[in-house]
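Each chain is listed here by its residues.
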Amino acid sequence: MQHTQRLTRSGQKRLMALMLMLPTAAITLFIVGYPTYVIIQGSLHDARILRLSYDSPLTLENYVRFFSNWRFLKPLIATLIYTTNVTAFTCLIGLGSALLLNRSFVGRAIARGLALLPWPIPMSIVALMTLLVTDPSVGILNHALTRMGLFARPESWVSSPSLAMIAVSLASIWKGYPFFTIILLAGLQAIPIHLYEAAHIDGADAWQRLRHITLPSLRPVIKIGILLQMLWLIKDFTLLLIVTNGGPGGTTETLGLHVYRNAFEFFRMDYAAAAGVMVLLLALILSILVLRNTEI
Amino acid sequence: MRRKAHPMSVPHTSRRISRILTYLAVIFMLACMLSPLFWLLRVSLDENLFDHPAALWPPADSIGFSAYRTVFGEPYVINWYLNSIYVTGLTLLVTIPISTMAGYALSRYRRKETVAISGLILLARMLPMSLLVIPLYVLFSKIGILNNPICLVLANTTFAIPFCVWLLKGFFDALPTELEEAAEVDGCGLWGSFLRITLPLALPGIAAAATYLSVVSWSEYIFARTFMTHPRTWTLAVGAIAFRQQYLANWNTIAAASLVFMVPLLILFAFLQRYLVQGLSAGAVKG
């Protein structure tokens, strides 16, 4: 009797869980499933415009194009440089600022609010700010660097092959670090206080407390943060599109932008679709590597 | 906050030194991070920018608000504000309920089906935007909702759902189940205990998700630029770029536009940011 009752209760619970998941699942399927189907179809045909069905036979031509002449190599390298540098620096600055803003001092609430300020600024406006700050005639970065004697004269950052990547990376780091600050501040506050008390009794100094308590406790948060940040950087190309449009000479054309430009500038939708499938695979591999031992 | 420093044994002077170092570090960090915003303000107020481009602050007789008047004299600027508010508001209205529901289900009922759905949600996060733009454009034009803010709401929802669900699932994980179970036994039923007991307790988590969502949908550019073809239907994120194309080297006006276009969200964020840290620390970041 009791047994059957428990069964019906777990059945009820299951039904409720599925009903609660339904809207999310439906919207995600609708927005993700349909385009994915269209894209995989398009990548396997000779098609300037994407459609639901094609008369032409299946072909691997687009994938061959992506890999022939090492065409994929340049955007792949740009993606790796951009993604790893920006992720590393956002994570480090985020960690530093979170540790700093977690100390108790007068005016901490205001300092926190100000430190997080770049995060809610729209990416397109961050792009405009990048152009302004690196501008050869009115850019503060040029003025500061020439005054310090590091630059002989103001440079046009976005059209310089060596400086363009640095300009977009700086902007991306500036916009992105508060995300790490926020989740790491939250992570710091979730560390149980008794761990620090125990360490204090054992006579651990500040460095030892950081190494043996704080950093290990933050590990899962840092991991998730790095994954989300890397996926975001691989996927989002708003900044690059506005600031450099991949230039000069393709040095800032990441895979995401490569796909977009081929679709909308050169109107090779089929090739863009094939390249996009490869980007998706890259993101998948990355997520599996990072999440291997983590449960989401 | 919960954790207090307890440096009772640390000598007085070294405590003072560490406090001074903290202040210096905070001031240095804020100076670095806020200087681009300071420069934006300085350029926007300078009416003769090219006479003294390297000055840290324009001379008094050059300061003026003509750039701001130019920005609000442009047609459609008011429409862009209304569109941004509308899209952000509607995205919140759609996404918050459904991601709260999904987060709760994932937290309380972990089986094959729910894990499969959470895999699907994560996959949505990985899809390159450039890939989605084309098919969605085709789809939306077929249904006839191009230029309708609904397309942006749909797109924003999909992109924000993974993070919101993760955040809220973590938050629900941290809430004790005893209260819920007691309420259920007392005749509230499964749904009643969810709606009346758990939901009110989850409000800080929901506020955190709402903050994240507002930032994401206010900032979205690629979809807005592709799906909204008439200037009247643009959002502020798209309008800002149009300003740049129209005014080119007129940095004065571009800087003023950039500043006034980000203000509503900065104000909102100033109020909501502490919920973001609180909401995350209560659950999600424990893994």
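Residues numbered from 1 in each chain as written. Chains lettered and ligands numbered in written order. Predicted model: local features only at pLDDT ≥ 70, side-chain atom pairs only at ≥ 80, totals over all residues. Heavy atoms only, no water.

Draft legend 1. Spotlight on the overall build of chain B. Secondary structure assignment for chain B yields eleven helices and zero strands. Across chain B, helices and strands are ordered from the amino to the carboxyl terminus as α-α-α-α-α-α-α-α-α-α-α. Over its C-alpha atoms chain B spans a radius of gyration of 24 Å, topping by over 25% the 19 Å that the globule rule assigns to 287 residues. With the C-alpha coordinates aligned to their principal axes, the bounding extent of chain B is approximately 75 × 75 × 30 Å. Every one of the 287 residues in chain B was classed for burial, and the buried ones make up 54%. Residue pairs at least 24 apart in sequence account for 73% of intrachain contacts in chain B once pairs closer than 6 positions are excluded. Carbon and sulfur atoms provide 68% of the accessible area of chain B, an area that totals close to 12600 Å². Counting 21 positive and 13 negative side-chain charges, chain B places the centres of these two groups 7 Å from one another. (Helix = DSSP H or I, 4+ residues; strand = E, 2+ residues; numbered from the N terminus. Rg over C-alpha atoms; globule rule 2.2 N^0.38 Å. Buried < 20%, exposed > 50% of the residue type's maximum accessible area, 1.4 Å probe, protein only. Contact = heavy atoms within 4.5 Å. Areas by Shrake-Rupley, 256 points an atom, 1.4 Å probe, with all protein chains shown as cover. Lys, Arg positive; Asp, Glu negative; His and termini not counted. Charge placed at Lys NZ, Arg CZ, Asp CG, Glu CD.)

Draft legend 2. Structural view of the pattern of salt bridges. Going through the model one piece at a time under the given rule, you end up with six salt bridges over all chains. Across the salt bridge formed by aspartate 46 of chain B and arginine 42 of chain B, the nearest N and O atoms sit 2.9 Å from each other. We classify aspartate 46 of chain B as buried; its relative accessible area is 0%. Arginine 42 of chain B gets classed as buried once you look at its relative accessible area, which sits at 0%. Several salt bridges share partner residues, and in doing so they unite Glu253, Arg261 and Glu265 of chain A into one network. (Salt bridge = Lys/Arg side-chain N within 4 Å of Asp/Glu carboxyl O.)

Draft legend 3. The arrangement of the packing of aromatic side chains in detail. Evaluated as defined, the whole model comprises 29 aromatic pairs over all chains. Measuring from ring centre to ring centre gives 6.2 Å for phenylalanine 179 of chain A and phenylalanine 180 of chain A, while their planes differ by 80°; the resulting arrangement is edge-to-face. With a relative accessible area of 11%, phenylalanine 179 of chain A lands in the buried category. According to the relative accessible area criterion, phenylalanine 180 of chain A is buried, its value standing at 0%. Measuring from ring centre to ring centre gives 6.0 Å for tyrosine 81 of chain B and phenylalanine 261 of chain B, while their planes differ by 85°; the resulting arrangement is edge-to-face. Of the two residues, tyrosine 81 of chain B is situated in helix 3 (residues 77-108) and phenylalanine 261 of chain B in helix 11 (residues 251-282); the sequence distance between them amounts to 180 residues. Overall, the relative accessible area of 0% leaves phenylalanine 261 of chain B in the buried class. Put simply, the rings of Trp119, Phe179 and Phe180 of chain A together with Phe163, Trp166, Tyr212 and Phe269 of chain B touch in pairs and so form one group of aromatic residues. Looking at arginine 65 of chain A, its charged tip hangs above the ring of tyrosine 271 of chain A, at a distance of 4.7 Å from the centre. The ring centre of tryptophan 39 of chain B lies 5.0 Å from the NZ or CZ of arginine 42 of chain B, which sits over that ring. (Phe/Tyr/Trp six-rings, centres within 6.5 Å; stacked < 30°, edge-to-face > 60°. Lys NZ or Arg CZ within 6 Å of the ring centre and 35° of its normal.)

Draft legend 4. Summary view of the environment of phenylalanine 28 of chain B. Residue and element names in this part refer to chain B. With respect to the secondary-structure elements, phenylalanine 28 resides in helix 1 (residues 12-45). A residue is classified by how much of its surface remains accessible, and phenylalanine 28, at 59% relative accessible area, is exposed. Here the alpha-carbon distance between phenylalanine 28 and valine 87, two residues 59 residues apart in the chain, equals 37 Å.

Draft legend 5. Layout of the interface of chain B and chain A. Listed per partner, the contact involves 99 residues of chain B and 106 residues of chain A. Scanning the region where chain B abuts chain A turns up zero salt bridges. The tally of links between chain B and chain A comes to nine residue pairs in polar contact (both at pLDDT 80 or more). Sort the elements by how many residues they give to the side of chain B that touches chain A and helix 1 of chain B lands first, with 14 residues. The residue inventory of the side of chain B that touches chain A, partitioned by class, reads 71 nonpolar, 15 polar and 13 charged. (Polar contact = N/O pair within 3.5 Å; in protein donor to acceptor, adjacent residues only side chain to side chain. Nonpolar A, V, L, I, M, F, W, Y, C, P; charged D, E, K, R; others polar.)

Draft legend 6. Representation of the side chain of threonine 235 of chain B in the model. By secondary structure assignment, the location of threonine 235 of chain B is in the loop between helix 9 (222-227) and helix 10 (236-247). Ignoring anything within four residues of it in the chain, the contact list for threonine 235 of chain B reads Trp80, Asn83, Ser84, Val87, Leu152, Glu220 and Ala224 of chain B.

Draft legend 7. Main features of the confidence of the model for chain B. Residue and element names in this part refer to chain B. Averaged over all residues, the pLDDT of chain B is 84; the fraction at 70 or higher stands at 94%. For chain B, helix 4 (residues 112-126) is the element with the lowest average pLDDT, namely 76, and helix 3 is the one with the highest, namely 92. On the interface metric, ipTM, the complex scores 0.86, and its pTM is 0.87. (pLDDT = per-residue confidence, 0-100.)

Draft legend 8. Molecular detail of helix 3 of chain B. With 32 residues, helix 3 of chain B extends 46 Å between its outermost C-alpha atoms, agreeing within 8% with the 46 Å of an ideal straight helix rising 1.5 Å per residue. The largest bend in helix 3 of chain B comes to about 25°, at threonine 95 of chain B, with the proline proline 97 of chain B one to four residues further on. (Expected span 1.5 Å × (residues − 1). Bend = angle between axes of the 7 residues up to and from the residue.)

Draft legend 9. Representation of the environment of phenylalanine 194 of chain B. By secondary structure assignment, the location of phenylalanine 194 of chain B is in helix 7 (residues 178-201). The sequence separation of phenylalanine 194 of chain B and alanine 183 of chain B amounts to eleven residues, and the corresponding C-alpha distance is 9.2 Å. Once you skip the residues sitting within four places of it in the chain, phenylalanine 194 of chain B turns out to touch Met16 and Leu20 of chain A together with Tyr104 and Leu199 of chain B.

Draft legend 10. Broad picture of the packing of helix 9 (residues 206-235) of chain A against helix 12 (residues 269-291) of chain A. All names here are of chain A. Look at helix 9 against helix 12: their axes get within 10 Å of each other, and the N-to-C directions meet at 175°. By the angle between their directions, the pair helix 9 and helix 12 is classed as roughly antiparallel. Of the residues in helix 12, those touching helix 9 at Lys223, Ile224, Leu227, Met230, Leu231 and Ile234 are Val279, Leu282, Ala283, Leu286, Ser287, Val290 and Leu291. (Axes fitted to C-alpha atoms, helices over the stretch in contact; angles between N-to-C directions. Parallel < 35°, antiparallel > 145°, perpendicular 65-115°, else oblique.)

Draft legend 11. Geometry of the nonpolar core. Residues Leu239 of chain A together with Phe140, Phe223 and Phe261 of chain B are the most contacted members of the largest nonpolar core, which totals 192 residues. Examining the composition of this core, we find that 16 residues originate from one element, helix 6 (residues 149-174) of chain B, more than from any other. Apart from the residues within four sequence positions on either side, phenylalanine 261 of chain B is in contact with Ile125 of chain A together with Val71, Val77, Trp80, Tyr81, Trp218, Leu236, Gly239, Ala240 and Phe243 of chain B. Counting residues in hydrophobic clusters, the runner-up holds five residues, among them Leu145, Phe151, Leu163 and Ala167 of chain A. (Core = buried A, V, L, I, M, F, W, Y, C linked by side-chain atoms within 4.5 Å.)

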